[in-house]
Amino acid sequence: MTRKPLTADELNELVAGFGKLSRNLWWCWDQEAQDLFQELSPRAWQDLYHNAAAVLHEVSDYELRVRLQDAGFAGRVRSVLHNFEAYLAEKKTWCHQHAPELHKNPVAYFSAEFGFHESLPIAAGGLGILAGDHTKSASDLGLGFVGISLFYREGYFQQAIDSNNWQTEFYNPVDPQNVPVEPVLDAKGGRVVCEVEIGMSRVHFHAWRVNVGRVPVYLLDTNRPENEQHFRDLTLRVYGGDSTTRIMQEILLGIGGTRLLRKLGVEPSTFHMNEGHAAFLTLELIREKMASGKSFFDALAATKAQCHFTTHTPVEAGHDRFTPALMDYALQGYHASLSVPFADIMGLGRVNPTDAHEPFCMTVLALKVSRAANGVSELHGEVSREMWKSLYPNTPVEKVPIGHITNGIHLLGWMKGTVRKFWQKKLASNGDGAVKLWDEKYGHEWAAAINHTDFWGKMADPEFVSDEELWALRYKLRRELIEFARRRLLLQQHRVTAGDFIRFDRLLNPDALTIGFARRFATYKRAPLVFHQLKNIVKLAHDKHRPVQFIYAGKAHPRDDEGKKFIQQVIHLSKHSELAGHLVFLENYDIHVARQMVSGCDIWLNNPRRPLEASGTSGMKSGCHGCMNLSILDGWWREGYDGTNGFAIGHDSHPDNIAEQDRVDSANLYQTLTEQVVPMFFDRDAQGIPRAWVQRIRRTMVTLVPQFTTDRMVKEYTQKYYQMK
Ligand SMILES: *Cc1c(COP(=O)(O)O)cnc(C)c1O
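What you see is a predicted model, and the numbers here were worked out from it, not measured in a lab.

Definitions and limits used
Residues numbered from 1 in each chain as written. Predicted model: local features only at pLDDT ≥ 70, side-chain atom pairs only at ≥ 80, totals over all residues. Heavy atoms only, no water. Helix = DSSP H or I, 4+ residues; strand = E, 2+ residues; numbered from the N terminus. Rg over C-alpha atoms; globule rule 2.2 N^0.38 Å. Contact = heavy atoms within 4.5 Å. Areas by Shrake-Rupley, 256 points an atom, 1.4 Å probe, with all protein chains shown as cover. Lys, Arg positive; Asp, Glu negative; His and termini not counted. Charge placed at Lys NZ, Arg CZ, Asp CG, Glu CD. Near = heavy atom within 4 Å. Polar contact = N/O pair within 3.5 Å; in protein donor to acceptor, adjacent residues only side chain to side chain. Nonpolar A, V, L, I, M, F, W, Y, C, P; charged D, E, K, R; others polar. Phe/Tyr/Trp six-rings, centres within 6.5 Å; stacked < 30°, edge-to-face > 60°. Buried < 20%, exposed > 50% of the residue type's maximum accessible area, 1.4 Å probe, protein only. Domains from an automatic or database assignment. Salt bridge = Lys/Arg side-chain N within 4 Å of Asp/Glu carboxyl O. Pairing = 2+ DSSP bridges. Right-handed = clockwise from strand over helix to strand, strands pointing away. Expected span 1.5 Å × (residues − 1). Arc of directions from axis to C-beta. Core = buried A, V, L, I, M, F, W, Y, C linked by side-chain atoms within 4.5 Å. Axes fitted to C-alpha atoms, helices over the stretch in contact; angles between N-to-C directions.

Colleague: Please clarify how the overall build of the protein chain should be interpreted in this entry.
Modeller: Within the protein chain one finds 32 helices and 20 strands. The globule rule puts the C-alpha radius of gyration for 725 residues at 27 Å, and the 26 Å found for the protein chain is close to it. Taking the principal axes of the C-alpha coordinates as reference, the protein chain spans close to 80 × 75 × 55 Å. Residue pairs at least 24 apart in sequence account for 73% of intrachain contacts in the protein chain once pairs closer than 6 positions are excluded. For the protein chain, the exposed surface amounts to about 28,700 Å²; the carbon and sulfur share of it is 52%. Mean positive and mean negative side-chain charge positions of the protein chain (83 and 85 charges, respectively) differ by 1 Å.

Dropping the structure here:
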């Protein structure tokens, strides 16, 4: 059959569609869309770190038009664009049914960081990843939602390890031309510019819009010619610089962010502060109300009714505190516009408002000026009520108004392509009952159904997916990770010799029980804990019949020398102990590395000092890939673990003494590892299948995967906190 060449109109339409697609992060959770960009240039896709906008720039307009004359390719493009447009236009979302009022008055979600995709590195860790996942699910659910953050033009740091195994940091400029952001323009096509008072200066800023499916996220950027250089650099880096930079970034985020929304005509029903960094927005809301005639007292009460606050950590350093002098300095210009004594403002950030020496705490401000607040797991809710009870002196601790909503992940965004394709094929080939039932219930929108308990409930059924198939999938994913790690480790060499190519292809064992640990190297996460029993771990690693290996990754905060020492220890062991070859450290942990690791490892290790891991989310990313958690009963795992769906370290309690806790936890970790994990993994039947292990994987998928999603989480936020009853 000969096909007619595309007409000029058809071509123009596809080219324009391609451009629009590359500038909406929807592609980062649509497998077919990613496949298109990869097909355009497999090499650029890899080298440009899966950045669709940059890949499209690599391909000339002429080449694109020629390539689209390939009918197969054009057909796939058309189908993806069709799905994309249908997604954008969808009018039957969960929120259309359950929270239509939020379309007119959306939720404004303020966060100092957002982690959407590896090509836009403006997140430092779990907080940002959660914000990104929250946004993606808000889009999927059709929630009225806008995000606010900063445009860090050097992003978060890239990690390199020097010859002393010490972490060093470097920065790659983020080029707005080459990432999926668009300038925010007014009706005449000029940039929307706002101002905010910082110190004694008026600082100008403009904004970039990130399209995340159906919802916008605005990134504020002070890099404007009107500003002095040090203000132009205010938005250079995520949490860059000292506390002066920090407070100025936070003034911009909270006060500037609110002003931008006003300028854009957005009238939020709720201002959601994701962590205390954004809490200055409450001051701006108070100022607005006083400017229209309200008293301070009334303005405060009305502002309180508009705000919601989520706290994310019991770790002290995670709560910004500013000295009275710094507050006075940074807010002097702004304060002039507020007809309130400065002491009253300071009082809003103090546990004891009359203590002139108490620093100003952003968490206290957020708690005092919000109608409700929450922690991010059941245990963290409890811990937070205890932590902040002095703010509510006449309230018994269990009545302190801090609830909880347990975190989740955006499933489709985290599910590796290999696995998405596996489930899709599975559904398609199960021709008879399964697919029919599926089609009737959900239509062909399997993407929408992936969050449903029905889908994961099927994993209990060997008729739907056999032990053999699941085990084969595990092998495939482990191999993909090992090959990824080998390439990364080779590239990590300061000098590569010809022999290295072969040497590195022998690293790591595709048959070994593979244990992953990848997190920020905050000391409370205790990265080296498992190596406290070094001799025993070496024995496990060297067992010919039941080998165990470890893959580590993670960044320490640039000023956290203790965290850097942990990195140094792990790398040292990986190079100079008997664990060499059985333990590797992958540099530059980010979303891409995380996705490879949570999918390829068999065990996801989590051993924080309880109860400091407020929730943790990386362990939630593992389940849909059949990787299981081995974790302290802290954060989400205390709720998730039921005795059949992974492994627990120790009990639902912990000693108060830190040294004692470390000793007990390390012993318990070793015990669970040797008495449960290793034997179960290597207990193979005549067909070579570890039946009990695979059964546990099924339980993981049935009980955990649909539970710990941002789909569930955003619905909870909406019904519990966003909707004013
Ligand atoms: C998921 C994720 C995190 C959060 O992990 P925790 O479980 O909270 O330690 C941090 N960084 C990256 C890159 C992630 O993908």
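Further notes follow.
Colleague: Sorry if this is basic, but what is going on with the site of the ligand here?
Modeller: Lining the immediate environment of the ligand, one finds 14 residues, of which R519, K525, T617, S618 and K621 sit closest. Within the contact set of the ligand, an oxygen atom lies 2.8 Å away from a side-chain nitrogen or oxygen of K525. Contact between the ligand and S618: an oxygen atom at 2.7 Å from a side-chain N or O atom of the residue. Notes on the ligand: free accessible area 390 Å², of which the protein chains cover 93%. Mapped by element, the contributors of at least two residues to the shell around the ligand are helix 9 (126–141), helix 27 (591–600) and helix 28 (618–622). Grouping the constituent residues of the shell around the ligand by class yields five nonpolar, five polar and four charged.

Colleague: So what exactly am I meant to see when it comes to the packing of aromatic side chains here?
Modeller: Here a ring pair, both rings aromatic, is described through the centre-centre distance and the interplanar angle of the planes. Counting across every chain of the model gives 33 aromatic pairs. Geometrically, the ring pair formed by Y156 and F157 is tilted, given 4.8 Å between the ring centres and 50 degrees between the ring planes. Summarising the aromatic geometry, the rings of F455 and W456 are spaced 4.9 Å apart at their centres and angled 90 degrees between planes, so their arrangement reads as edge-to-face. Both residues of the pair, F455 and W456, count as buried. Linked through ring pairs, W471, Y475, F647, F681, F682 and W693 together constitute an aromatic cluster.

Colleague: Even after reading the chapter, I still don't get the domain arrangement of the protein chain, so can you show me in this structure?
Modeller: Where interface size is quoted, it is often the accessible area lost as the parts come together. Under the domain assignment used here, the protein chain contains domain 1 (8–89), domain 2 (94–407 + 715–722) and domain 3 (431–708). For domain 1 and domain 3, the distance between their C-alpha centres works out to 34 Å.

Colleague: Quick question: what am I supposed to make of the pattern of salt bridges here?
Modeller: Where side chains of opposite charge bring their charged atoms close, a pairing between them can arise. Per the counting criterion, the structure on display carries 42 salt bridges. Ionic pairing is found between D35 and K421, a salt bridge with its closest N-O pair at 3.5 Å. With D35 in helix 2 (residues 31–40) and K421 in helix 19 (residues 417–429), this pair connects stretches of sequence that are 386 residues apart. You can call K421 partly exposed: its relative accessible area is 40%. As a salt-bridge pair, D61 and R65 come within 3.0 Å of each other at their nearest N and O atoms. On the criterion of helical spacing, the pair formed by D61 and R65 is a turn pair, its members being four residues apart in helix 5 (residues 61–67). D61 gets classed as partly exposed once you look at its relative accessible area, which sits at 44%. Of the residues examined, R65 reaches a relative accessible area of 24% and is grouped as partly exposed.

Colleague: Explanation requested: the pairing of strand 1 (residues 107–110) in the structure shown.
Modeller: Look at any regular strand and the pattern is simple: side chains alternate between the two faces of the sheet. In strand 1, alternate side chains face the same way, and those of V107 and Y109 on one face and A108 and F110 on the other are all buried. With four bridges joining them, strand 1 and strand 2 (residues 145–150) adopt parallel strand pairing. Across the sheet, residue A108 finds its bridge partner in strand 2, namely V146. In the classification by handedness, the crossover that spans strand 1, the intervening helix 9 and the parallel strand 2 is right-handed. One ladder, built from four bridges, connects strand 1 with strand 9 (residues 270–274); its direction is parallel.

Colleague: How should I be thinking about helix 1 (residues 8–22) in this particular structure?
Modeller: Since there are 3.6 residues in each turn of an α-helix, residues three or four apart along the chain are aligned in direction. Given a rise of 1.5 Å per residue, 15 residues ought to cover 21 Å, and the 21 Å separating the end C-alpha atoms of helix 1 matches this to within 8%. Buried within helix 1 are the following residues: L11, L14, V15, G17, F18, L21 and S22. One side of helix 1 holds all its buried residues, which, seen down the axis, span an arc of 160 degrees. Of the exposed residues in helix 1, those oriented more than 90 degrees away from the buried face are A8, D9, E13 and A16.

Colleague: Even after reading the chapter, I still don't get the pairing of strand 6 (residues 194–198), so can you show me in this structure?
Modeller: Of all the five residues making up strand 6, four are buried; the element is thus mostly covered by neighbouring parts of the structure. Inspection of the sheet shows strand 6 paired to strand 7 (residues 201–212) by five bridges, in the antiparallel sense. In the sheet register, C194 faces strand 7, and the bridge partner there is F205. Taken together, strand 6 and the strand that follows it, strand 7, pair antiparallel across an intervening segment of two residues, in which G199 is found at a positive phi of about 60 degrees.

Colleague: Honestly, the nonpolar core in this entry has me stumped. Any pointers?
Modeller: A general feature of soluble globular proteins is that nonpolar side chains tend to end up buried together. The biggest cluster of nonpolar side chains holds 232 residues, and the ones touching the most others in it are F280, W423, W456, Y552 and W693. Ranked by residue count, the leading element in this core is helix 23 (residues 467–492), at ten residues.

Colleague: How should the sheet that holds strand 20 (residues 647–649) be read in this particular structure?
Modeller: By way of backbone hydrogen bonds, the strands of a sheet pair with one another, either parallel or antiparallel. Strand order in this open sheet of six strands is 17-16-15-18-19-20, and the pairing throughout is parallel. In this open sheet, the two edge strands, each paired with only one partner strand, are strand 17 (583–586) and strand 20. In this sheet, neighbouring strand axes are inclined to one another by 20 degrees on average, regardless of whether the strands run parallel or antiparallel. Relative to strand 17, strand 16 (residues 548–553) runs parallel, the two sharing four bridges. Each residue of the ladder has a partner; that of Y552, found in strand 17, is F585.

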